[in-house]
Amino acid sequence: MDTSVADLQALAHALADAARAHSLRYFRTPLDVLTKSDESPVTVADREAEAAMRALLQAQAPAHGILGEEHGRERLDADYVWVIDPIDGTKSFITGSPLWGTLVALLHQGRPVLGLMDLPVLGERWTAVAGQAAQCNGRPMRASGCAQLSQARVYTTSPDAFGAQDWQRFDRLSRQCALRRFGGDCYAYAQLAGGHVDLVVEAGLQPYDYLSLVCLVEGAGGRITDWQGRALTVASDGRVVAAATPGLHAQALAQLQG
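The present account deals with the structure reproduced in this document. Small disclaimer: the values here were computed from a predicted structure and weren't measured.

**Remarks on the sheet that holds strand β14 (residues 223-226)**
Okay, so step 1: The five strands are arranged β12-β11-β13-β15-β14 in an open sheet whose pairing can be described as mixed. The open sheet has two edge strands with one neighbour each: β12 (179-182) and β14. Neighbour to neighbour, the strand axes of the sheet diverge by 15° on average, direction disregarded.
Okay, so step 2: Alignment of strand β11 (residues 153-156) against β12, held across four bridges, turns out to be parallel.

The structure is reproduced here in structure tokens:
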């Protein structure tokens, strides 16, 4: 990268700070919940937080591209593109659960090179730069090392996100694991990076849901791809599998493709 990594990290933290100031102000307060064209919910908290993030990017990195959940795409042909989700887990947010977060990814020529996940209510900020160790609040984190499906603890956010055939594949896979749990949104990937969860399998995601997670999972020693084992990009189909080890990832892929 031809831009200072430290400067890019500082900008990512500033984006998370800007989003946090808006989202926490609205958390557990009465909110009007609107339904978008894809049937997902949105609130004034989502939209104000992303607007603040975009204003910061326009001021500090006007040549960079932006892909956001609430306010669209700008300059996606730029060398650097920020992918932002002000509130990942809006359904958790509007039901008072603390397991929602702000997601920030930086792509360089289409490849994730920086990822940040901020959990405002929990006071946790997870960060990673490509090729470096993942961190939570400045402390290095490491995935569990689990290498066997039969010993794995698997998470997915909701059965509702799967189509019928994809659900059959996930159900078959997850019933071979030691434990399966539902919920968590983006936080399941933090739990994986921290060594508490071994496998996360999801479908129906958008680029702003998963691109910030690539450096985080890989920086903790894990592996994350689509269900075909391909690297995640803006054009991926929204089916994601993340595992604590390459061996566990390969076993999960074999089940999902079977």
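**Some remarks on the environment of leucine 15**
Okay, so step 1: The topology assignment puts leucine 15 in helix α1 (residues 5-26).
Okay, so step 2: Its relative accessible area of 0% is what places leucine 15 among the buried residues.
Okay, so step 3: Note: C-alpha distance between leucine 15 and proline 30 (15 residues apart in sequence) is 25 Å.
Okay, so step 4: Excluding its chain neighbours within four sequence positions, the residues that come into contact with leucine 15 are Met53, Leu56, Leu57, Trp82 and Val104.

**A word on the side chain of glutamate 124**
Okay, so step 1: Position of glutamate 124 relative to the elements: it lies in strand β8 (residues 124-129).
Okay, so step 2: Those residues in contact with glutamate 124 that lie beyond four places of it in its chain are Met117, Asp118, Leu119, Cys136, Asn137 and Tyr187.

**Quick word on the packing of aromatic side chains**
The geometry of an aromatic ring pair is captured by two quantities: the separation of the ring centres and the angle between the planes.
Okay, so step 1: The full count for this structure, using the stated rule, is eight aromatic pairs.
Okay, so step 2: Pairing phenylalanine 93 with tryptophan 100 gives two aromatic rings, centres 4.9 Å apart and planes at 80°, and the pair type is edge-to-face. The exposure classification of phenylalanine 93 matches that of tryptophan 100, with both residues buried.
Okay, so step 3: Ring geometry for phenylalanine 162 and phenylalanine 170: centres 5.2 Å apart, planes at 25°, overall stacked. Grouping residues by exposure puts phenylalanine 162 and phenylalanine 170 together as buried.

**Topic: the pattern of salt bridges**
Okay, so step 1: This structure, assessed with the given rule, holds 13 salt bridges.
Okay, so step 2: A salt bridge links glutamate 48 to arginine 25; its shortest N-O distance comes to 3.0 Å. Taken together, the residues glutamate 48 in helix α2 (residues 44-60) and arginine 25 in helix α1 connect sequence positions 23 residues apart.
Okay, so step 3: Classification of glutamate 48 as partly exposed rests on a relative accessible area of 27%.

**Some words on the sheet that holds strand β9 (residues 135-136)**
Note on sheets: strands pair through backbone hydrogen bonds, and any given pair is parallel or antiparallel.
Okay, so step 1: Here we have eight strands laid out as an open sheet, ordered β4-β3-β5-β6-β7-β8-β9-β10, and mixed in their pairing. Only two strands of the sheet have a single neighbouring strand rather than two, namely β4 (72-74) and β10 (139-140).
Okay, so step 2: The pairing of strand β3 (residues 65-68) with β4 spans three bridges and is antiparallel. Residue pairing for β4: isoleucine 66 is matched across the bridge by glutamate 74.
Okay, so step 3: Against the sheet, α1 makes contact with β5 (80-88), β6 (101-108), β7 (111-119) and β8, and its axis sits at roughly 35° relative to β7, the strand it touches most.
Okay, so step 4: Against the sheet, α2 touches β3, β4, β5 and β6, its axis set at about 155° to β5.

About the criteria used
- Residues numbered from 1 in each chain as written.
- Predicted model: local features only at pLDDT ≥ 70, side-chain atom pairs only at ≥ 80, totals over all residues.
- Heavy atoms only, no water.
- Pairing = 2+ DSSP bridges.
- Helix = DSSP H or I, 4+ residues; strand = E, 2+ residues; numbered from the N terminus.
- Axes fitted to C-alpha atoms, helices over the stretch in contact; angles between N-to-C directions.
- Buried < 20%, exposed > 50% of the residue type's maximum accessible area, 1.4 Å probe, protein only.
- Contact = heavy atoms within 4.5 Å.
- Phe/Tyr/Trp six-rings, centres within 6.5 Å; stacked < 30°, edge-to-face > 60°.
- Salt bridge = Lys/Arg side-chain N within 4 Å of Asp/Glu carboxyl O.

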